[in-house]
Amino acid sequence: MLDHRRTVISQYANSPTILQLIDSMNGYIDPRTDLEMFYDYVWNVETAQGFGLDVWGKIVGVSRTFRYLDNQECFGFVEGQVYQPFDQAPFFTAELYTVVNLDDDEYRKLIMIKALANISRMNAKTINTLLRQLFDGRRCYVLDLGEMKMRYVFEFMLTNLEYAILSQSGAVPRPAGVDVSVVMLDPANTFGFDGSGLQPFDQGVFYSPVV
């Protein structure tokens, strides 16, 4: 504390014992250090770490923990999906989920994006901005299909973790009452016309929704 002796009332101002106790206590306990650490590790989201980021996550409403299921590990019989046949994989159980905790840098970026989403208007321009920030500028965008429907389009394949963040974090929210679908394109293996960046005849399959 600066000028700590000014906090001593006048009747003790000449007491050497009390003044020495106060001088010693001030040397042992310096609140400035604690305040600076609190600011760096908790208050300032750009430098916060660990517990501090967890606090920010609760404030904006996003967790650092995500879980996803690898379809190829489970038995299933939905046509067109990649679940496994009999004798190739176990039935689904909760233990088959993979749980991932984002590190501080990944979580900080997600917190900032979620904070922006919380105060932004939910239109196509805003959602496209959020998508570009969340997926590091890779080509992805939203389509307004009309009739209260919209579609997220990714011209790359999302990893299981990226899809979990997209679907669970709320960082890219959808307008209320709007039906949402997700499409992932693999440009290297998808047919398209000139100028689309996709493949020519005999080089790729026609597009079909992945999700």
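Residues numbered from 1 in each chain as written. Predicted model: local features only at pLDDT ≥ 70, side-chain atom pairs only at ≥ 80, totals over all residues. Heavy atoms only, no water.

This part is about the pairing of strand S3 (residues 140-146). A regular strand carries its side chains on alternate faces of the sheet. Note: S3 against strand S4 (residues 149-154), six bridges, orientation antiparallel. Bridged to Cys 140 within S4 is Phe 154. Connecting the antiparallel pair S3 and S4 is a turn made up of two residues, with Glu 147 showing a positive phi of about 55 degrees. (Pairing = 2+ DSSP bridges. Helix = DSSP H or I, 4+ residues; strand = E, 2+ residues; numbered from the N terminus.)

Looking now at the confidence of the model for the protein. Model confidence for the protein is summarised by a mean pLDDT of 78, while 74% of its residues fall at 70 or above. Helix H1 (residues 16-28) is the least confidently modelled element of the protein, averaging 82 in pLDDT, while helix H3 (residues 51-60) averages 94, the highest of any element. Counting contacts from residues 73-94, a segment whose pLDDT is below 50, to residues more than four positions away or on other chains yields 30 contacts. (pLDDT = per-residue confidence, 0-100. Contact = heavy atoms within 4.5 Å.)

Time to look at the environment of Asp 179. Topologically, Asp 179 is positioned in strand S5 (residues 179-184). Once the C-alpha coordinates of Asp 179 and Met 150 are considered, the two residues, 29 residues apart in sequence, prove to be 6.3 Å apart. In this structure Asp 179 touches Met 148, Lys 149 and Met 150, once residues within four positions along its chain are discounted.

The next thing to look at is a nonpolar patch on the surface. Residues Met 25, Tyr 28 and Ile 29 make up a contiguous nonpolar surface patch of roughly 410 Å² in combined accessible area. Given a relative accessible area of 52%, Ile 29 falls into the exposed group. (Patch = residues over 30% accessible without salt bridge, like charges linked within 9 Å, V, L, I, M, F, W, Y side chains within 5 Å. Areas by Shrake-Rupley, 256 points an atom, 1.4 Å probe, with all protein chains shown as cover. Salt bridge = Lys/Arg side-chain N within 4 Å of Asp/Glu carboxyl O. Buried < 20%, exposed > 50% of the residue type's maximum accessible area, 1.4 Å probe, protein only.)

In the structure shown here, the tally under the stated rule is six salt bridges. Asp 136 serves as the salt-bridge partner of Lys 109, at 2.9 Å between the closest nitrogen and oxygen. One end of the pair, Lys 109, is in helix H4 (residues 104-118); the other, Asp 136, is in the loop between helix H5 (124-134) and S3, and 27 residues separate them in sequence. You can call Lys 109 partly exposed: its relative accessible area is 32%. Note on Asp 136: relative accessible area 58%, which makes it exposed. Here Glu 162 makes a salt bridge to Arg 138, at a shortest N to O gap of 2.5 Å. Placement of the pair is Glu 162 in helix H6 (residues 160-168) and Arg 138 in the loop between H5 and S3, with a sequence separation of 24 residues. On the basis of relative accessible area, Arg 138 is assigned to the partly exposed category, the value being 31%. Through salt bridges with shared partners, a single network forms among Asp 54, Arg 64 and Asp 104.

Turning to the side chain of Glu 155, a few remarks are in order. Note that Glu 155 resides in the loop between S4 and H6. One polar contact links Glu 155 to Arg 139, side chain to side chain, over a distance of 2.8 Å. Engagement of the side chain of Glu 155 in a polar contact is seen with the side chain of Tyr 141, the distance being 2.9 Å. (Polar contact = N/O pair within 3.5 Å; in protein donor to acceptor, adjacent residues only side chain to side chain.)

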